Amino acid sequence: MKPYVVSLITGVLAGAIYALLQVHSPAPPVIALCGLLGMLVGEQLIPLIRRLRAGQPVTLAWFRHECVPKISGTPPPDADNNAQVK
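Because the structure is predicted, anything quoted here is derived from the model rather than measured.

Asker: An account of the confidence of the model for the protein chain is needed here, citing residue identities and associated values.
Answerer: With 86% of its residues at a pLDDT of 70 or more, the protein chain has an overall mean of 82. No element of the protein chain has a lower mean pLDDT than helix 5 (residues 79-85), at 52, and none a higher one than helix 3 (residues 45-53), at 92.

Asker: Give me the lowdown on the side chain of Gln44, citing residues and values where you can.
Answerer: The topology assignment puts Gln44 in the loop between helix 2 (29-43) and helix 3. For Gln44, the contacting residues outside a window of four places in its chain are Glu66, Cys67, Lys70 and Ile71.

Asker: With reference to specific residues and values, describe a nonpolar patch on the surface.
Answerer: On the surface, a nonpolar cluster with roughly 350 Å² of combined accessible area is contributed by Met1, Val5 and Ile9. The topology assignment puts Met1 in the segment before helix 1 (2-21). Residue Met1 is classed as exposed on the basis of its relative accessible area, which comes to 76%.

Asker: Quick rundown of the layout of surface pockets? Include the residues and the values.
Answerer: Which parts of space are left empty comes out when a probe the size of a water molecule is rolled across the atoms. Here the largest pocket defines a volume of roughly 240 Å³. If you trace the largest pocket, you find it lined by Thr10, Gly11, Leu13, Ala14, Ile17, Tyr18, Ile31, Ala32, Gly35, Leu36 and Met39. Elements with a minimum of two residues in the lining of the largest pocket: helix 1 and helix 2. In terms of residue count, the dominant contributor to the lining of the largest pocket is helix 1 (six residues).

Asker: Requested: an account of the side chain of Arg51, with residues and values cited.
Answerer: Within the secondary structure, Arg51 sits in helix 3. For Arg51, which is buried and forms no salt bridge, the nearest opposite charge comes from Glu66, at a distance of 7.0 Å. Excluding anything up to four places from it in sequence, Arg51 contacts Gln56, Pro57, Val58 and Trp62.

Asker: For helix 4 (residues 60-72), give the residues involved together with the corresponding values.
Answerer: Three or four residues apart is the spacing at which side chains of an α-helix point the same way, because the helix has 3.6 residues per turn. With 13 residues, helix 4 should reach 18 Å at 1.5 Å per residue; the first-to-last C-alpha distance of 16 Å falls well below that figure. The largest bend in helix 4 is about 35°, located at Glu66, with the proline Pro69 one to four residues further on. Buried within helix 4 are the following residues: Trp62, His65, Cys67 and Pro69. Backbone geometry just downstream of helix 4 places Gly73 in the positive-phi region, at approximately 80°.

Thresholds applied
- Residues numbered from 1 in each chain as written.
- Predicted model: local features only at pLDDT ≥ 70, side-chain atom pairs only at ≥ 80, totals over all residues.
- Heavy atoms only, no water.
- pLDDT = per-residue confidence, 0-100.
- Helix = DSSP H or I, 4+ residues; strand = E, 2+ residues; numbered from the N terminus.
- Contact = heavy atoms within 4.5 Å.
- Patch = residues over 30% accessible without salt bridge, like charges linked within 9 Å, V, L, I, M, F, W, Y side chains within 5 Å.
- Areas by Shrake-Rupley, 256 points an atom, 1.4 Å probe, with all protein chains shown as cover.
- Salt bridge = Lys/Arg side-chain N within 4 Å of Asp/Glu carboxyl O.
- Buried < 20%, exposed > 50% of the residue type's maximum accessible area, 1.4 Å probe, protein only.
- 1 Å grid on protein atoms, 1.4 Å probe; cavity = no way out; pocket = protein on both sides within 12 Å on 5 of 7 lines; lining within 4 Å.
- Points joined across faces, edges and corners; volume = space filled by probe spheres on them.
- Lys, Arg positive; Asp, Glu negative; His and termini not counted.
- Expected span 1.5 Å × (residues − 1).
- Bend = angle between axes of the 7 residues up to and from the residue.

Pasting the structure below:
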């Protein structure tokens, strides 16, 4: 039930922002896609910040393994590459 409530509240917030920007829903496709991309990228900020606070390096290998699949929707790298990241 909680994910539905959070989704509803987020939708209301997005609707309020659209109204402030005077963009009518459904948003034009380019605006909607930019917003979705921003959400996907924003989700990766928390793991990045946690990694930096833990003193762990942020490498390209880590980014490709942890972030790229979540942003692009592609499958994560194979098991051989996973061993190198950790």
